[in-house]
2 protein chains.
Amino acid sequence: MFFSKRDLHFQLFEILDSESLTQYSYFQDHNRESFEMVLDAAEQISEKMLRPLLTEMDRNEPQLVDGKIRVHAGMKAIIKKFGEDGWINASFSYEEGGQQIPATVLNAAAFIFQAANYSASVYPFLTTGAANLIRTFGSSTLVETFTPKMYKGEWQGTMALTEPDAGSSLSDITTSAEPTENEHIFKIKGQKIYISCGDHDMCENVVHLMLAKIKGGPIGIKGISLFVVPQRRIRNGSLESNDVLTAGVYHKMGYKGAPIAHLMVGSNDDCLGYLLGEPHKGLSYMFQMMNEARIGVGMNATAIGTAAYYASLAYAKERPQGRKISEKDPNKPQISIINHADVKRMLLFQKSVVEGSLALLLYCSKLSDLIHVEEGEAKERANLLLDLLTPIAKSYPSEMCCLSTSAAVQILGGAGYTTDFPVEQYYREARIHPIHEGTTGIHGLDLLGRKITIQNGKATQIFFGEVSKTLVDASQISDLQPFSEKLQKSLGRAQQATSYLLGLAGKGEVEKYLADATLYLEMFGIITIAWQWLRQSVVAKQNLATAHEADQDFYQGKLMTMRYFYEYELVKVGSLVKRLQSADSVTIEMRSEWF
Amino acid sequence: MFFSKRDLHFQLFEILDSESLTQYSYFQDHNRESFEMVLDAAEQISEKMLRPLLTEMDRNEPQLVDGKIRVHAGMKAIIKKFGEDGWINASFSYEEGGQQIPATVLNAAAFIFQAANYSASVYPFLTTGAANLIRTFGSSTLVETFTPKMYKGEWQGTMALTEPDAGSSLSDITTSAEPTENEHIFKIKGQKIYISCGDHDMCENVVHLMLAKIKGGPIGIKGISLFVVPQRRIRNGSLESNDVLTAGVYHKMGYKGAPIAHLMVGSNDDCLGYLLGEPHKGLSYMFQMMNEARIGVGMNATAIGTAAYYASLAYAKERPQGRKISEKDPNKPQISIINHADVKRMLLFQKSVVEGSLALLLYCSKLSDLIHVEEGEAKERANLLLDLLTPIAKSYPSEMCCLSTSAAVQILGGAGYTTDFPVEQYYREARIHPIHEGTTGIHGLDLLGRKITIQNGKATQIFFGEVSKTLVDASQISDLQPFSEKLQKSLGRAQQATSYLLGLAGKGEVEKYLADATLYLEMFGIITIAWQWLRQSVVAKQNLATAHEADQDFYQGKLMTMRYFYEYELVKVGSLVKRLQSADSVTIEMRSEWF
């Protein structure tokens, strides 16, 4: 067991009421049964094809051979299956060959794939993101030329942003685009690094969605354009080299099954890029893909954390070691370690992190569905709320699943440190997520420096409004009332801290305002997940009375995990707020030469 | 740069006044110069022999070939060097061929080796620990038979405790010892797992200090005896097999350069073990080695954390990315990332963890020197204080260096996740320390369940007395007074939490009393390190006025890091205490079937 279908059903059908989406015409052909079928299909493919390769792909990492990256041969069948079964364009419209499946359901399915084998799951969904950009902003020629092959999985899609001197600071990219006689076609020249699936031998072609600067354009972010840069371009109906060379493959701590490439673009002055949309608007287009990818990263982290949680749970139930604290008789048999409070604490920690994160991520997925089908005020509210929540939905799971996979390793003890069990792999794989798609530090700045203040704090108000609804619901259930009060109190503190920091911004003390943005993000993340736990608890409490036995266990587990979260995690808000409101600017005053 | 000699000198000569040890006759031949020479020698060997193999040993892990574990060939010269230069028995008396060097100085030297190449450093110091047990509790025959070869590095020493069904619960070992006609010789039979350096091809013989139960002896811990069990025994002056077979070598996430063996002992009924000391006292003997090893593990973690800190510091100074928050002009050149407050925060975090831990570990080392040379009350005080501090000195660095190496990875971003830089290796290697030599959970139980209450809390009183001295010193320096007050306040809270928990114990609620022992350990660790930072700051402040320029930077760094620790780490005590004093027993009430 590497995930819980029961929990996915709880999230989709008891918490989020995903069926309500079928009221909208875009989703009208669907119903609960079809949603469940999507999950079942994902489970089957995962168990049959992805899961068996989890360890193998980690131990046989991609290699660069004669300028081509060779990946695990088993990926061929997996990619083909994803293409054939329509996973890559499943959310797209019928006209585009898609199935108009809501993101809420598709992301739940993706979560299953990711929990089964994170590296393998990356290939198809990168293609989805790239194809989505082309179909949204591209001309009909671009759409017709590139997307059909991508949907089938024959051509791999990527996002090609990072360069040796431009990672977090994208405005500093130097890859150039020189106009040709065709206003849509440019000659591209530069280097791209850390490109996931940037080259591999299980596809016919790679379609890079690449940021570059048109020569003579504005400096900085305003001069960035987005290009479709295929590895091989079409000429007279067949493929020829487009001068995108693979200079290297990165060897990494984890996430080894996916090839990460270093690309030399246009070294021979023969790389053509097809402008997507208008010149100089590349970054805003790319943000569509990045925002989706950020939710995706949060989901990846959560999926890895979930697989680690279940691995350590199984071990804890089976492994005998020690006796009850109160039992001094060495003649008594040993008990399973799940009976030790400290082991239960580590399991509850993991469960609270991964199920809390999953709840938030599916909540965000539903917001993106609503953005797609709603109009006017409702659409705008969903948009603002999703904007605000994106840095949290990306960073909280990413940071916390490093710790939760660590707890899984700890439960297995010495065994957990060996390659005999999968938890060490999960620990290594989890570590990428606080880094890619914007580091945690970048998301802290995004949240505190941008999202909080958007439209005079309108997004924040919407968020507080949604939390307040849950507080009211919970306060009407006597067992939950104390938790409603605790969250209310923490929320109040968070608001105080926010006012304090915005006060600094108002006085022009920008550096002080943002110095602890990462801690602010952490605080906001804890409160958001506490809110998600209270939402889940309201439903669990309501459904508990009439539930059959197995479900009673499930709901009890939810309520206990909520209690864990409030007792052990939410209390951290106090310390964070204390630091956030401190006048000591030690991290600003510290000097390089004092280290 | 992978460590700071300046900081080692600061710890040894400015904080701990190690020279004062030379007043004792055992150490009288030493002086500051000879101490510095020890450190210089360690640095030279590290740079010349250990450091160059750091990456290689990680990438070429030990393999079992024809029943023998093959390790990196470079270990031969390293082990020989350690033997020839007298490192293995350097602390032992002149009569034993040793150099009577204080543990304080030797542990500082070991720290250098460990920071250079953790895996390589393990081989010789395991032999030291094993030899130390033999010389302390063994008959002259055992001492003469085994230790000379061990001192030379020709024979490897190990501690062989863990078995498939007995890890944290040592009382459950089943390896048996059957008496023979010679009352000192037993036939040993059983299995041992996770034995560091339990077999390798760079030594002539392996000497296991092995726990086993003499048949017919008491059940549980009271029936455990300690044996010297060589891999090959001496017969007529030459070595012959002693029926200790290597069944396997563990493949691990990190710490790959050291061979960890699975041993089959006496499978052919032909394994002889030599009883060390008296029957049934094995565990108390072993605790001598374990207590040393626990300080050693804390030091290993700190050393790895230190190497990671300096790797990320160098990167942060060189890597240009982004601009000041207040700088909006993209024409301005990028600045080094060390200028970003969030990067400085991550560097200060690492510095505060590794230098705070080093200070505590060398403080503990000095206590062990005092125990060695002192008498009466002074000896007993040192003994009690070291007993109390050992779980903290083992666990705080172990837990926190997982996080500090993670911060190092984060500073390098994508680069940090690749094998192009060493930080990912440090991250993997750090993860073993919360597991071996007693998991963090076990140390929590040790601290709260045993050490706190020892002799009616005498150890705790001594600890509070020592902290109070530092508080008084700091309160007399106006800049430090606020920090003295903060620590005083946190200490008061910790005492309250302690009283609350002991109250539960008094009421017989043992499970509740110890359920959060791990959190109690965390709280105690933070306070202990805060104390070490205040101690360092008192000296830094005193010496700052008359210091030359480079030293001014050094002392400023100390004072800033102390401020960081109080602002960002000590504040966590509030949340921990809140949880520790909560009446909600969620981790006890949670049931297996609810997960």
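Bear in mind that the values here come from a model prediction, so they are computed numbers and not experimental data. (Residues numbered from 1 in each chain as written. Chains lettered and ligands numbered in written order. Predicted model: local features only at pLDDT ≥ 70, side-chain atom pairs only at ≥ 80, totals over all residues. Heavy atoms only, no water.)

Engineer: Please give an account of the overall build of chain A that cites residues and values.
Structural biologist: When its secondary structure is counted, chain A shows 20 helices and 12 strands. In terms of C-alpha radius of gyration, chain A reaches 24 Å, essentially the compact-globule figure of 25 Å for 595 residues. Considering only C-alpha atoms, chain A reaches an extent of 80 × 60 × 60 Å along its principal axes. When each of the 595 residues of chain A is scored for burial, the buried share is 63%. Taking as baseline every contact in chain A between residues at least 6 positions apart, the subset at least 24 positions apart corresponds to 75%. Accessible surface computed for chain A: about 21,000 Å², of which carbon and sulfur atoms make up 50%. (Helix = DSSP H or I, 4+ residues; strand = E, 2+ residues; numbered from the N terminus. Rg over C-alpha atoms; globule rule 2.2 N^0.38 Å. Buried < 20%, exposed > 50% of the residue type's maximum accessible area, 1.4 Å probe, protein only. Contact = heavy atoms within 4.5 Å. Areas by Shrake-Rupley, 256 points an atom, 1.4 Å probe, with all protein chains shown as cover.)

Engineer: Go over empty space enclosed by the protein with me, naming the residues and quoting the values.
Structural biologist: Residues and elements named next belong to chain A. Across all of its chains, the model carries 5 cavities of 30 Å³ or more by this definition. In this structure, the largest cavity occupies an estimated 80 Å³ of space. Lining the largest cavity are Ser-4, Asp-7, Phe-111, Thr-302, Thr-306, Tyr-309, Tyr-310, Val-354, Glu-355 and Leu-358. Contributing elements (two or more residues each) for the lining of the largest cavity: helix H8 (282–318) and helix H9 (341–373). Counting residues per element, the lining of the largest cavity draws most heavily on H8, at 4 residues. Taken together, the residues of the lining of the largest cavity sort by class into 5 nonpolar, 3 polar and 2 charged. (1 Å grid on protein atoms, 1.4 Å probe; cavity = no way out; pocket = protein on both sides within 12 Å on 5 of 7 lines; lining within 4 Å. Points joined across faces, edges and corners; volume = space filled by probe spheres on them. Nonpolar A, V, L, I, M, F, W, Y, C, P; charged D, E, K, R; others polar.)

Engineer: A description of the nonpolar core should follow, citing residues and the corresponding values.
Structural biologist: Counting residues in each nonpolar core, the largest one holds 352 residues, and the members touching the most others are Leu-487, Met-523 and Tyr-566 of chain A together with Leu-487, Met-523 and Tyr-566 of chain B. The contact partners of Met-523 of chain A, leaving out residues within four places of it in the chain, are Ala-494, Ala-497, Val-573, Leu-576, Val-577 and Leu-580 of chain A. (Core = buried A, V, L, I, M, F, W, Y, C linked by side-chain atoms within 4.5 Å.)

Engineer: I'd love a proper account of the pattern of salt bridges, names of residues and values included.
Structural biologist: Inspection of every chain in the model, using the stated rule, returns 82 salt bridges over all chains. The residue Glu-240 of chain A makes a salt bridge to Arg-233 of chain A at a minimum N-O spacing of 2.7 Å. For Arg-233 of chain A, a relative accessible area of 9% corresponds to the buried category. Between Glu-567 of chain B and Lys-486 of chain B there is a salt bridge, with its nearest N and O atoms 3.3 Å apart. Highlighted residues: Glu-567 of chain B in helix H18 (residues 549–569) and Lys-486 of chain B in helix H15 (residues 481–506), separated in sequence by 81 residues. Residue classification places Glu-567 of chain B among the buried residues on the basis of a relative accessible area of 6%. Counted as one network, the salt bridges with shared partners bring together Asp-7, Lys-351, Glu-355 and Lys-558 of chain A. (Salt bridge = Lys/Arg side-chain N within 4 Å of Asp/Glu carboxyl O.)

Engineer: Which residues make up the pairing of strand S11 (residues 260–265) of chain B, and what values go with them?
Structural biologist: Regular strands show a simple pattern: their side chains alternate between the two faces of the sheet. Residues and elements named next belong to chain B. Of all 6 residues making up S11, 5 are buried, and the element is well covered by its neighbours. Looking at chain direction, strand S10 (residues 244–249) and S11 are connected through 5 bridges and run antiparallel. When the sheet's bridge partners are listed, Thr-246 is paired in S11 with Leu-263. (Pairing = 2+ DSSP bridges.)

Engineer: Which residues make up the packing of H15 of chain B against helix H19 (residues 572–580) of chain B, and what are the values?
Structural biologist: Residues and elements named next belong to chain B. Packing of H15 against H19 brings their axes to within 10 Å, and their N-to-C directions diverge by 15 degrees. Judged by the angle between their axes, H15 and H19 are roughly parallel. Crossing handedness for the pair H15 and H19: left-handed. Across the interface between the two elements, Ser-490, Arg-493, Ala-494, Ala-497, Tyr-500 and Leu-501 of H15 pack against Val-573, Gly-574, Val-577 and Leu-580 of H19. Looking at side-chain class alone, the contact of H15 with H19 contains 7 nonpolar, 2 polar and 1 charged residues. (Axes fitted to C-alpha atoms, helices over the stretch in contact; angles between N-to-C directions. Parallel < 35°, antiparallel > 145°, perpendicular 65-115°, else oblique. Left-handed = near helix turned anticlockwise from the far one by under 90°.)

Engineer: Explain unusual backbone geometry to me, and be specific about the residues and the numbers.
Structural biologist: Both trends apply: most residues other than glycine have a negative phi, and most peptide bonds are in trans. Within the chain, His-280 of chain A stands out as a residue other than glycine whose phi angle is a positive 70 degrees. Within the fold, His-280 of chain A resides in the loop between strand S12 (272–275) and H8. Residue His-280 of chain A is classed as partly exposed on the basis of its relative accessible area, which comes to 29%. Here the phi dihedral of Asn-236 of chain B falls at roughly 50 degrees; this positive angle occurs in a residue that is not glycine. With respect to the secondary-structure elements, Asn-236 of chain B resides in the loop between strand S8 (232–235) and strand S9 (238–241).

Engineer: Can you tell me about the interface of chain A and chain B, naming the residues and giving the values?
Structural biologist: Contacts between chain A and chain B engage 93 residues on the former and 93 residues on the latter. Summing both partners gives a buried area of about 8,300 Å² for chain A against chain B, and 58% of it is carried by carbon and sulfur. Area buried by chain A at its contact with chain B is led by Tyr-417, Trp-594 and Phe-595 of chain A, which between them contribute 11% of it. Inspection of the region where chain A meets chain B yields 10 salt bridges. Between Asp-584 of chain A and Arg-563 of chain B there is a salt bridge; the shortest N-O distance is 2.6 Å. (Buried area = accessible area lost by both parts, 1.4 Å probe.)

Engineer: Lay out the side chain of Arg-579 of chain B with the relevant residues and their values.
Structural biologist: One can find Arg-579 of chain B in helix H19. For Arg-579 of chain B, the side chain forms a polar contact with the side chain of Glu-567 of chain A, separated by 2.5 Å. Among all residues touching Arg-579 of chain B, those that are not within four sequence positions of it are Glu-567 and Tyr-568 of chain A together with Asp-516, Leu-519 and Asp-584 of chain B. (Polar contact = N/O pair within 3.5 Å; in protein donor to acceptor, adjacent residues only side chain to side chain.)

Engineer: How would you explain the packing of helix H1 (residues 5–15) of chain A against helix H18 (residues 549–569) of chain A if you had to name every residue and give the values?
Structural biologist: The description of two helices packed together rests on the angle between their axes and the distance between the axes. Residue and element names in this part refer to chain A. Interaxial distance between H1 and H18 falls to 12 Å at its minimum, and their mutual angle equals 75 degrees. Accordingly, the angle class assigned to the pair H1 and H18 is roughly perpendicular. Packed against H1, whose contacting residues are Arg-6, Asp-7, Phe-10, Gln-11 and Glu-14, the element H18 presents Asp-551, Phe-554, Tyr-555 and Lys-558 at the interface. When grouped by side-chain class, the residues that make up the contact of H1 with H18 number 3 nonpolar, 1 polar and 5 charged.

Engineer: Lay out helix H7 (residues 140–151) of chain B with the relevant residues and their values.
Structural biologist: Residue and element names in this part refer to chain B. With 12 residues, H7 extends 16 Å between its outermost C-alpha atoms, agreeing within 8% with the 16 Å of an ideal straight helix rising 1.5 Å per residue. Residues of H7 that are buried include every one of Leu-142, Phe-146, Thr-147, Met-150 and Tyr-151, and no others. Along the axis of H7, the buried positions cluster into a sector of 125 degrees, meaning they face one direction only. Residues of H7 that are exposed and point more than 90 degrees away from the buried face comprise Thr-141 and Glu-144. Those residues of H7 that are buried lie in contact with helix H4 (75–84), helix H6 (118–137), strand S3 (155–160), strand S6 (205–214), strand S7 (224–230) and strand S12 (272–275). (Expected span 1.5 Å × (residues − 1). Arc of directions from axis to C-beta.)

Engineer: How would you sum up the relation of the copies chain A and chain B? Please name residues and give values.
Structural biologist: Relating one copy of the chain to the other requires a rotation about an axis plus a shift along that axis. Mapping chain A onto chain B is achieved by rotating through 180 degrees and translating by 0.0 Å along the same axis, at an RMSD of 0.0 Å. Those values place the two copies in the arrangement expected of a two-fold rotation axis. Relative to the rotation axis, the C-alpha of Ser-575 of chain A is the closest in chain A, positioned 3.1 Å from it. Looking at the interface residues of chain A, 100% of them are also at the interface in chain B, so both copies use one shared face. (Least-squares fit on C-alpha atoms with pLDDT ≥ 70 in both.)

Engineer: Residues and numbers for the packing of aromatic side chains, please.
Structural biologist: All names here are of chain A. A complete count under the given rule lists 51 aromatic pairs over all chains for this structure. Arranged with centres 5.1 Å apart and planes meeting at 80 degrees, the rings of Tyr-363 and Trp-531 form a pair that is edge-to-face. Highlighted residues: Tyr-363 in helix H9 and Trp-531 in helix H17 (residues 517–544), separated in sequence by 168 residues. Note on Tyr-363: relative accessible area 8%, which makes it buried. In textbook terms, an aromatic cluster arises when at least three aromatic residues are bridged by ring pairs, as seen for Tyr-363, Phe-463, Phe-464, Tyr-520, Phe-524 and Trp-531. Geometry around Phe-554 places Arg-6 over its ring, the cationic atom sitting 4.3 Å from the centre. (Phe/Tyr/Trp six-rings, centres within 6.5 Å; stacked < 30°, edge-to-face > 60°. Lys NZ or Arg CZ within 6 Å of the ring centre and 35° of its normal.)

Engineer: Before we move on, could you go through the layout of surface pockets and cite the residues and values that matter?
Structural biologist: The computed volume of the second largest pocket comes to approximately 670 Å³. Forming the walls of the second largest pocket are 29 residues, and the residues nearest its centre are Gly-574 and Ser-575 of chain A together with Arg-493, Gly-574 and Ser-575 of chain B. Within the residue set of the lining of the second largest pocket, elements represented by two or more residues are helix H15 (481–506), H18 and helix H19 (572–580) of chain A together with H15, H18 and H19 of chain B. By residue class, the composition of the lining of the second largest pocket is 8 nonpolar, 8 polar and 13 charged.

Engineer: So what's going on with the confidence of the model for chain A? Which residues, and what values?
Structural biologist: Summing up the model confidence of chain A, the mean pLDDT is 97 and the portion of residues at 70 or higher is 100%. The ipTM, which scores confidence in the relative placement of chains, is 0.98 for this predicted complex, and the corresponding pTM is 0.98. (pLDDT = per-residue confidence, 0-100.)

Engineer: Before we move on, can you summarise the state of the cysteines with the specific residues and values?
Structural biologist: All names here are of chain B. In the structure shown here, the tally under the stated rule is 0 disulfides over all chains. Free of any disulfide, Cys-401 has its nearest neighbouring cysteine sulfur in Cys-402, separated by 7.8 Å. Overall, the relative accessible area of 0% leaves Cys-401 in the buried class. (Disulfide = S-S within 2.5 Å.)

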